[in-house]
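# Inside the fold
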Amino acid sequence: MLERDLEKLRSNCSTTNKEKVHQQKNYSMLERDLEKLRTSCNTMKVQQQENYSMLERDLEKLRTSCNTMKVQQQENYSMLERELEELRTSCNTMNKEKVHQQKNYSMLERALEELRSSCSTMNEEKVQQQRKYNAVFKKLPFLEQYCPSSSQKSAACSSCTGRVCEPCPQGWEQFSSKCYYFSNEKKNWFDSRSDCIKRGADLVIIESEDEQRFITNIAKSHTWIGLSRSEFKSNWLWVDETPLQKG
């Protein structure tokens, strides 16, 4: 019985030794795995530390870049504010100049309108003066009839010969401020007017009852006056184109 127990014990010991060897192997393997794990952890720790340091540096760079950008943006904003203020000032100045120019333009327009009106008036006066000049120029050949030369010296100019002016030429009749020539020749209305024009006058335009009585008293026969009516017009007109006033 002891032998069997001893044998069992030996067998158990052998088994235990085998298990021990096996466990020893497993323990060694575990130690190696643990060492590998420690090494790997240390490596990862170092790598993480490096990565962390790198991230810190990148973060610092990013902060620096952000600060720089912030400062630059602030400077740009300040510059834009100054430019905006300058632009507002320039716009205000331009608006004032625009108002001033508008006033000047209005003044120039009024001055131009006044100048045009003045030019129009001057042109009308020029036309009137030209008509007067032409009328006087036409009557210039008849100067000798009204103001014949005199051999007597003028009192105002002792070395000059003057002219003695009469109200009407010889053979003409005076009434008020007009001179009348009564011809004895018989002519039609057109020839009579042509003869008057050659003498520097025209057929008479009767302007008053006194004038009409004067002409009637002197005229011995049928006498033409400066009144006619065109076959295309029904109104009577004087030779100066003014209509006959009835009544």
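Residues numbered from 1 in each chain as written. Predicted model: local features only at pLDDT ≥ 70, side-chain atom pairs only at ≥ 80, totals over all residues. Heavy atoms only, no water.

The next subject is the side chain of glutamate 211. For glutamate 211, the location among the structural elements is in helix H4 (residues 209-218). For glutamate 211, the side chain forms a polar contact with the side chain of lysine 178, separated by 3.0 Å. Excluding its chain neighbours within four sequence positions, the residues that come into contact with glutamate 211 are Phe175, Lys178, Tyr180, Val204, Ile205 and Ile206. (Helix = DSSP H or I, 4+ residues; strand = E, 2+ residues; numbered from the N terminus. Polar contact = N/O pair within 3.5 Å; in protein donor to acceptor, adjacent residues only side chain to side chain. Contact = heavy atoms within 4.5 Å.)

A few words on helix H3 (residues 189-198). Where H3 is concerned, the buried positions are Trp189, Ser192, Asp195 and Cys196. End-on view of H3: buried residues confined to an arc of 125 degrees, all on one side of the axis. Every exposed residue of H3 that faces more than 90 degrees away from the buried side is listed here: Phe190 and Lys198. Considering only its buried residues, H3 is in contact with strand S5 (227-228). Glycine 200 occupies a position one or two residues after H3 and carries a positive phi of about 85 degrees. (Buried < 20%, exposed > 50% of the residue type's maximum accessible area, 1.4 Å probe, protein only. Arc of directions from axis to C-beta.)

Looking now at the side chain of serine 192. Its place among the elements puts serine 192 in helix H3. Sequence-distant contacts of serine 192, that is, excluding residues within four places in its chain, are made with Lys187, Leu203 and Trp224.

Quick look at the confidence of the model for the chain now. In this model, the chain carries a mean pLDDT of 86, and residues with pLDDT of at least 70 account for 87%. Ranking the elements of the chain by mean pLDDT puts strand S1 (residues 149-153) last with 58 and H3 first with 94. (pLDDT = per-residue confidence, 0-100.)

It is worth spelling out the pattern of salt bridges at this point. A full pass over the atoms with the stated rule returns nine salt bridges. A salt bridge links glutamate 85 to arginine 88; the nearest nitrogen and oxygen atoms lie 3.9 Å apart. Of the two residues, glutamate 85 and arginine 88 both sit in helix H1 (residues 2-139), three residues apart, roughly one turn of that helix. Take arginine 88: its relative accessible area is 47%, and that puts it in the partly exposed class. Of the charged contacts in the structure, one is a salt bridge between arginine 193 and aspartate 202, with a shortest N-O distance of 3.0 Å. A single network of salt bridges, built from pairs that share partners, joins Glu185, Lys187, Asp195 and Arg199. (Salt bridge = Lys/Arg side-chain N within 4 Å of Asp/Glu carboxyl O.)

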